[in-house]
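Architecture and fold: a report
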Amino acid sequence: MKTNCVITIGRQFGSGGRYVGRMLAEKLGIPFYDKELLSEAAKQSGICEEIFEDHDEKPTRSLLFNHKIFLAQFDAIRSIADKGPCVIVGRCADYVLKDRPNTISVFLKAEMQSKVERAVKYYGVDPQKAEDRIRKADKQRASYYNYYATATWGDVNNYDLCVDTGKLGVEGTVELIARFVELRQAMLEAKK
């Protein structure tokens, strides 16, 4: 399927966002960016990549420094989107690209039990500490997003599509998003 859309994926920890994003990009034949975005931001800004990794989607005490990191990521996201269709996971990409008509923003969620199972299986999280780890990661993501995006992380009003990966699984979620992209692409072309 050909697309000229940029798909951004916000996600709860353990909802499978990275896997969904990677599989979606493969299905659509477009580039995928998750942690790769940090390398791109480091290259463009001249800031050490390890600093981006240390501050990745986390609030920090040094707001001025974190703001510089965010702006470098902001620039990298725009630069990547300027190159053409792609899938970008996290890092406020939906907010950064919200004014572009060819952007499709998706938010992935799942019930706690589903997220716990995924965190244990794929990330090696201790089953006794999984809920705590999930809540902490989501709190960090929300804090980061809410500060830089001046919006509310996970609020359905900020996204074009919200999907429960626990109900559809990763493959079903990829199929649903791909179909949404296809329909959206057709609508954009009809407006030309």
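Residues numbered from 1 in each chain as written. Predicted model: local features only at pLDDT ≥ 70, side-chain atom pairs only at ≥ 80, totals over all residues. Heavy atoms only, no water.

1. Notes on the packing of helix α1 (residues 17-28) against helix α8 (residues 165-190)
Packed helices, taken two at a time, are described by their axes: the angle between them and the distance between them. In plain terms, the rule: Axes here mean lines fitted to C-alpha atoms, for a helix over just the part in contact, with angles spanning 0 to 180 degrees between N-to-C directions. In DSSP terms, a helix is any run of H or I states spanning at least four residues, a strand is any run of E spanning at least two, and both are numbered starting from the N terminus. What makes a crossing left-handed is the near helix being turned counterclockwise from the far one by less than a right angle; a clockwise turn instead makes it right-handed. Here, two residues are considered to be in contact whenever any of their heavy atoms come within 4.5 Å of each other. Residues are grouped as follows: Ala, Val, Leu, Ile, Met, Phe, Trp, Tyr, Cys and Pro are nonpolar; Asp, Glu, Lys and Arg are charged; all remaining types, including Gly, are polar.
One can describe the packing of α1 onto α8 by two numbers: an axis separation of 10 Å at closest approach and a directional angle of 35°. Between α1 and α8 lies a crossing whose hand is right-handed. The segment α1 lies against α8, with Tyr19, Val20, Met23, Leu24, Lys27 and Leu28 engaging Thr165, Val170, Glu171, Thr173, Val174, Glu175, Ile177, Ala178 and Val181. Along the lines of polarity and charge, the residues of the contact of α1 with α8 split into ten nonpolar, two polar and three charged.

2. Overview of the packing of aromatic side chains
Applied cut-off: In summary, the pairing rule links any two rings of Phe, Tyr or Trp, Trp by its six-membered ring, whose centres are within 6.5 Å, and it sorts them by plane angle into stacked for under 30 degrees, edge-to-face for over 60 and tilted for everything else. Remark: exposure states derive from per-residue accessible area (1.4 Å probe, protein chains only) relative to the maximum for the residue type, with buried under 20%, exposed over 50%, and partly exposed in between.
The tally for this structure, following the rule as stated, stands at six aromatic pairs. With a centroid separation of 5.3 Å and an interplanar angle of 80°, the aromatic rings of Phe107 and Trp153 are classed as edge-to-face. Of the two residues, Phe107 is situated in strand β4 (residues 103-109) and Trp153 in the loop between α7 (130-148) and β5 (161-164); the sequence distance between them amounts to 46 residues. Of the two residues, Phe107 and Trp153, neither departs from the other in class, the shared state being buried. Seen from their ring centres, Tyr144 and Tyr148 are 5.1 Å apart, and the 55° between their planes marks the pair as tilted. On the criterion of helical spacing, the pair formed by Tyr144 and Tyr148 is a turn pair, its members being four residues apart in helix α7.

3. Concerning the pattern of salt bridges
When the charged atoms of two side chains with opposite charge come close together, those side chains can pair. Note the following rule: Throughout this description, the term salt bridge denotes a Lys or Arg side-chain nitrogen within 4 Å of a carboxyl oxygen of Asp or Glu.
This model, assessed by the stated rule, comprises ten salt bridges. Of the charged contacts in the structure, one is a salt bridge between Lys27 and Glu175, with a shortest N-O distance of 3.1 Å. Placement of Lys27 in helix α1 and of Glu175 in helix α8 is noted, with a sequence separation of 148 residues between them. A salt bridge links Arg179 to Glu182; the nearest nitrogen and oxygen atoms lie 3.2 Å apart. In this pair, Arg179 and Glu182 are both assigned in helix α8, three residues apart and thus about one turn of the helix distant. By relative accessible area, Arg179 is classed as partly exposed at 42%.

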